Amino acid sequence: MEQQNVFASRSLCVIEDFSIEERLYLFEQVKILKRAMENQDAATLEQYRIDDKDFGIYEVFLEDSTRTKESFRNAANFHHAKVSELNSDSSSFNKGESYADTFYTLSGYANTIFIVRSKLEGVCRWLEDTCANYAKRNKLYRKPAFINAGDGKHEHPTQELLDEFTFLEDNNWSCDSVHLALVGDLFHGRTVHSKADGLKIFKHVKVDLIAPVELAMPEAYVQRMQENGYEVRLFESIEQYLQQSDVADKWYFTRPQLERMGDRILQRQAELRRSITFRKEFMDTLKAGTKFYHPLPRHKVTPTIPTFLDETPFNGWERQSINGMYVRIVLLALLAGRIGSEFQPAKLAMKPEEEDYIQEVDLSCQQLREKVISEGVQPIHDGLVIDHICKGDCPSEIRDHMRLISSVLGLDEAKGGEWVSTGHKDGTLYKGIIFRPGLYELSRKHLKRLSAVAPGCTLNLIKGGKVVNKYRLHLPPRIYNFEDLGCTNEACISHPDQSEGVPARFYRTNDNRFACAYCGKKHTFKEIWKSRKK
């Protein structure tokens, strides 16, 4: 059982923590386990069972849940392991204890796998990092692993796993293509947000998003789907959707959470619910073999999948729910190292090469030419000049951002000033210039900060009237270890309002923005600095 493999002690914080290849391996194991469950094949079932009363599995549900919690509880009980639960109503969280301190304590009590649901987004990613350090410095036998059982409006990766398994089951195990209609509250629904990356297990993906504007999928997730090569279409109601002929054979419904959206929305709730509720009159428009799915629970008064469909061939949600326990049994077995030792990925993930985003210009190779001075800026004998700031922005935005740059680099109390000018080759594009006379020695850390707050700029260090160092700075692939960084998502574990002391971390996205490493929220390089002074 203790043999390490690529799955052992891993955390599942977002669906992409498991590669497509790893998920397909997991699904093959679920197929075997499900068949053994149905046939009561005790010998096969025993191969998946952790069967160690000292192996600790801990459920920490800080947000109401029935199905996910009980599915995990029954999956954990299958393993004959030590299963514990933290009662959030009387827990230390209500006494002001931090997440880190609570999970440090529980990790020290020989608990290895934590299943966490919280309204805070990015909790498991933070706990994965900080508890690994705790385990190392205290010589714990195992590094704790964390499973995200739903974090705010962010993700629900184990729900995504069981959904993918069920889609494949109804797709004759083909990964070639899927056509899926997502119906309901796509704004709040973390189960549909996980599909932005999760559906990449299929080679060709068509997604139809069916929701009124008030419940529409957040633009960030629509963009992610498109970046992943999905064909995405938008409709405001089921009725509108069925007026065209290209209708999906798989429909995934979610429960509208209108109670979160204020009185104005509640006054229109009948209209909004009707737009995403399936009606009998629609049945003849569906193709043979169509399946409906739902993460459950359905609302007992206004279910988006009415109960008259329970006894029809459209019912895929009951089997989907049952599959949840099988998937979670296998997931726990993998993270415990009970199974998976024979799995070898076809291609090991390569660490990205460190990108040279701070480029020093070789001044010895530059030809001497007549120096052109920007209007209003006089040359300085000693000092620094930061040029090409926010090139192309309007003057007011450039001035605003130069104040931020000055604050971030600690230049506020120095002599000098800022200037907005236009380039000599193109008199229509504005740019910012910061100049500070004096002797400056900027460290690598300063250059990193400047590249993050003013990508595209040029830094000149001047001594004796000559440029002695010149740097061209680009957007860094990652930014962290700066106290004045902050995610703007108030629900994120790293947001200052949460008082968790979680240092902000960001990584560059394909569209040259910064995404929070915890909650995934995208920001421009101008938005991540919480110490903005205007």
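Only a predicted model underlies this, so the values are computations on that prediction, with no experimental measurement involved. (Residues numbered from 1 in each chain as written. Predicted model: local features only at pLDDT ≥ 70, side-chain atom pairs only at ≥ 80, totals over all residues. Heavy atoms only, no water.)

## Observations regarding the sheet that holds strand S6 (residues 204–210)
Worth spelling out the cut-off: When DSSP locates at least two bridges between a pair of strands, those strands are taken to pair. The secondary structure listing takes helices from DSSP runs of H or I that are at least 4 residues long and strands from runs of E that are at least 2 residues long, numbered from the N terminus. To get an axis, fit a line to the C-alpha atoms, keeping to the stretch in contact for a helix; angles then go from 0 to 180 degrees between the N-to-C directions. In what follows, residue pairs with any heavy atoms lying within 4.5 Å of each other are defined as contacts.
Here we have 5 strands laid out as an open sheet, ordered S7-S6-S5-S8-S9, and parallel in their pairing. Either end of the sheet is taken by a strand with one partner, and the two such strands are strand S7 (231–235) and strand S9 (291–293). Within this sheet the neighbouring strands show an average axis-to-axis angle of 20 degrees, counted without direction. Examined bridge by bridge, S6 and S7 share 5 bridges and lie parallel to one another. When the bridges of S7 are listed, Asp208 appears paired with Arg233. Together, strand S5 (177–183), strand S8 (250–253) and S9 form the strand contacts of helix H6 (residues 157–169), whose direction differs from that of S8 by roughly 155 degrees.

## Some details on the packing of aromatic side chains
Keep this limit in mind: Two rings from Phe, Tyr or Trp (for Trp, the six-membered ring) form a pair when their centres sit within 6.5 Å of each other. Planes less than 30 degrees apart are called stacked, planes more than 60 degrees apart edge-to-face, and all others tilted. Exposure categories follow from relative accessible area, calculated using a 1.4 Å probe and restricted to protein chains: below 20% of the type maximum is buried, above 50% is exposed, and the middle band is partly exposed. Note on geometry: a ring has a charge over it if NZ (lysine) or CZ (arginine) is within 6 Å of the ring centre and within 35 degrees of the ring normal.
Evaluated as defined, the whole model comprises 25 aromatic pairs. Relative to Phe343, the ring of Tyr25 lies with its centre 4.9 Å away and its plane at 45 degrees, an arrangement referred to as tilted. Here the residue Tyr25 occupies a position in helix H1 (residues 20–39), and Phe343 occupies one in the loop between helix H13 (317–335) and strand S10 (358–360), the gap between them amounting to 318 residues. The burial state of Tyr25 is the same as that of Phe343; both residues are buried. Grouping aromatic residues by their ring pairs yields a cluster made of Phe235, Tyr241, Trp251, Phe253, Phe278, Phe282, Phe292 and Phe314. Above the plane of the ring of Phe78 lies Arg49, whose end atom (NZ or CZ) is 4.2 Å from the centre. One cation-aromatic arrangement involves Arg328 over Phe72; the distance from NZ or CZ to the ring centre is 4.8 Å.

## As for the packing of H1 against H6
Filter applied, for reference: Here is the rule for angles: anything less than 35 degrees is roughly parallel, anything more than 145 is roughly antiparallel, 65 through 115 is roughly perpendicular, and the remaining ranges are oblique. Lys, Arg, Asp and Glu make up the charged group, whereas Ala, Val, Leu, Ile, Met, Phe, Trp, Tyr, Cys and Pro make up the nonpolar group; the residues left over, Gly among them, are polar.
Orientation of H1 relative to H6, taken along the N-to-C sense of each, is 70 degrees, at an axis distance of 11 Å. With respect to H6, the element H1 is oriented roughly perpendicular. The segment H1 lies against H6, with Arg23, Leu24, Leu26, Phe27, Val30, Lys31 and Lys34 engaging Leu161, Glu164, Phe165, Leu168 and Glu169. For the contact of H1 with H6, a count of residues per class yields 7 nonpolar, no polar and 5 charged.

## Focus: the sheet that holds S10
The sheet built from 6 strands is open, its strands ordered S10-S15-S14-S11-S13-S12 with antiparallel pairing. The open sheet has two edge strands, S10 and strand S12 (417–422), and neither has a second partner. For this sheet, the mean inter-axis angle between neighbouring strands, taken without regard to orientation, is 20 degrees. Of the strand pairs in this sheet, S12 and strand S13 (residues 430–437) are connected by 6 bridges, and their pairing is antiparallel. Its bridge partner lying in S13, Val420 is registered against Gly432. Taken strand by strand, helix H14 (residues 395–408) contacts strand S11 (383–389), S12 and S13, and its axis lies near 30 degrees from that of S13. Relative to the sheet, helix H15 (residues 444–453) contacts S10, S11, strand S14 (458–463) and strand S15 (466–473), its axis offset from that of S15 by approximately 55 degrees.

## As for the nonpolar core
To keep it simple, the criterion reads: Take the buried Ala, Val, Leu, Ile, Met, Phe, Trp, Tyr and Cys residues and link them wherever side-chain atoms come within 4.5 Å; each set so joined is a nonpolar core.
Leu26, Leu182, Trp251 and Phe292 are the most contacted members of the largest nonpolar core, which has 87 residues in total. A total of 10 residues in this core trace back to one element, the largest contributor, which is H13. Ignoring sequence-local partners within four residues, the contact set of Trp251 consists of Leu180, Ala181, Val183, Ile238, Tyr241, Leu242, Phe278, Leu286, Thr290, Lys291, Phe292 and Tyr293. Met402, Leu411, Ala454 and Cys516 belong to the second largest nonpolar core, which has 64 residues in total.

## Some words on the domain arrangement of the protein chain
The line we're drawing: Domain segmentation is taken from an automatic or database assignment of domains. Accessible surface is computed with a 1.4 Å probe, and the buried area is the amount of it that two parts give up when combined, taken over both parts together. For this analysis, a salt bridge means a side-chain nitrogen from Lys or Arg found within 4 Å of a carboxyl oxygen belonging to Asp or Glu. Between N or O atoms, a polar contact is any pair within 3.5 Å; within protein, one atom must be a potential hydrogen donor and the other a potential acceptor, and residues adjacent in sequence are included only when both atoms are from side chains.
By domain assignment, the protein chain separates into domain 1 (15–156 + 325–336), domain 2 (161–316) and domain 3 (358–366 + 373–476). One C-alpha centre belongs to domain 1, the other to domain 2, and the line joining them spans 28 Å. Across the contact, 24 residues belong to domain 1 and 23 residues belong to domain 2. In total, domain 1 and domain 2 occlude about 2,100 Å² of area from one another, counting both sides; carbon and sulfur atoms represent 63% of this. Among the residues domain 1 hides against domain 2, the three largest losses belong to Phe27, Arg67 and Lys153. Together they make up 27% of the total. For the pair domain 1 and domain 2, the number of links is 4 salt bridges. Between Lys200 and Glu16 there is a salt bridge, with the nearest N and O atoms lying 2.9 Å from each other. Joining domain 1 to domain 2, the criterion identifies 10 residue pairs in polar contact (both at pLDDT 80 or more). Where the side of domain 1 that touches domain 2 is concerned, the elements lending two or more residues are H1, strand S3 (111–118), strand S4 (145–151) and H13. At 8 residues, the largest contribution of residues to the side of domain 1 that touches domain 2 is made by H1. Here the residues of the side of domain 1 that touches domain 2 are counted per class, giving 8 nonpolar, 5 polar and 11 charged.

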